[in-house]
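Examination of the molecular architecture
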Amino acid sequence: MKTVSIGMIVEINSILKGKGLPYKIHLHDACGAQAMEIESLEEDNEQFEAAVSAINEYFSLHGMETVFIPGGKNFTVK
């Protein structure tokens with residue numbers, strides 16, 4: 001299982017902010033598993049797909065694949 005560090009979450013949030021995407025990633029760490037959640041910082045979610053693309057690209061560069069849970073705002077990595 002791949003492990004996402006707090007530093008990675010800080011880095012991806014910085015990337016999202018730098019791209020002007022109003023989203024923030026939260027890490028939920030539980031016994032034996034990690035999950036992330038995408039929080040929208042604005043009412044308007046028009047840029048959600050761009051945020052997902054940036055998130056996928058970031059984790060791909062770190063040798064991880066994102067797996068989104070149906071509904072789209074929660075995901076894990078493998």
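I will try to describe carefully the structure that is included in this document.

About the cut-offs
- Residue indices follow the written sequence of each chain, beginning from 1 at its first position.
- Predicted model: local features are reported for residues with pLDDT of at least 70 only, side-chain atom pairs are reported and counted for 80 or more only, and whole-chain, interface and lining totals are derived from all residues.
- Computation of side-chain values: all heavy atoms of the structure, hydrogens and water removed.
- Here a strand pair is declared whenever DSSP counts at least two bridges between the two strands.
- Runs of H or I in DSSP of at least four residues are treated as helices and runs of E of at least two as strands, each being numbered from the N terminus.
- Angles run from 0 to 180 degrees between N-to-C directions of axes, and those axes are lines fitted to C-alpha atoms, restricted for helices to the stretch in contact.
- Any pair of residues with heavy atoms lying within 4.5 Å of one another is described as a contacting pair.
- A helix's residues, less one, multiplied by 1.5 Å, set its expected span.
- Each residue is placed in one exposure class: buried if its accessible area under a 1.4 Å probe, protein chains only, is under 20% of its type's maximum, exposed if it is over 50%, and partly exposed if it falls in between.
- For this quantity, the arc is that covered by the directions from the helix axis to the C-beta atoms.
- In these notes, a set of buried Ala, Val, Leu, Ile, Met, Phe, Trp, Tyr and Cys residues joined through side-chain atoms within 4.5 Å is what counts as a nonpolar core.

**Section: the sheet that holds strand β2 (residues 33–40)**
Paired through backbone hydrogen bonds, the strands of a sheet run either parallel or antiparallel to each other. With antiparallel pairing, four strands are arranged side by side in an open sheet as β1-β2-β4-β3. The sheet terminates laterally at β1 (23–30) and β3 (66–68), the two strands that pair on one side only. Neighbour to neighbour, the strand axes of the sheet diverge by 30 degrees on average, direction disregarded. Pairing analysis gives two bridges linking β2 to strand β4 (residues 74–77), with the strands arranged antiparallel. By the bridge assignment, M36 is partnered in β4 with F75. This element, helix α1 (residues 6–18), spans β1 and β2 of the sheet and lies at about 165 degrees to β1. Helix α2 (residues 48–61) rests against β1, β2, β3 and β4 of the sheet, and its axis sits at about 145 degrees to β3.

**Looking at α1**
Side chains of residues three or four places apart in an α-helix project in the same direction, reflecting 3.6 residues per turn. With 13 residues, α1 should reach 18 Å at 1.5 Å per residue; the first-to-last C-alpha distance of 18 Å fits that figure. All buried positions along α1 are accounted for by M8, I9, I12, N13 and L16. One face of α1 carries all of its buried residues, which in axial projection span an arc of 135 degrees. Among the exposed residues of α1, those oriented more than 90 degrees off its buried face are V10, K17 and G18. Taken together, the buried residues of α1 touch β1, β2 and α2. In the segment just after α1, G20 is the residue with positive phi, at about 75 degrees.

**A word on the environment of E42**
Mapped onto the secondary structure, E42 falls in the loop between β2 and α2. Spatially, the C-alpha atom of E42 lies 7.9 Å from that of Y23, the residues being 19 residues apart in sequence.

**A short note on the nonpolar core**
Ranked by size, the top nonpolar core spans 20 residues in total, and within it V4, L16, I25, I38, I55 and F59 carry the most contacts. Of all the secondary structure elements, the ones that give two or more residues to this core are α1, β1, β2, α2 and β4. When residues in this core are grouped by element, the largest group, seven residues, is from α2. Other than its neighbours up to four places away in sequence, V4 contacts I9, L27, Q34, M36, F59, M64 and V77.

**Points about α2**
When the terminal C-alpha atoms of α2 are compared, their 20 Å separation across 14 residues agrees well with the 20 Å that a helix rising 1.5 Å per residue should span. Close packing links the buried residues of α2 with α1, β1, β2, β3 and β4. Positive phi appears at G63, one or two residues downstream of α2, with a value of about 75 degrees.

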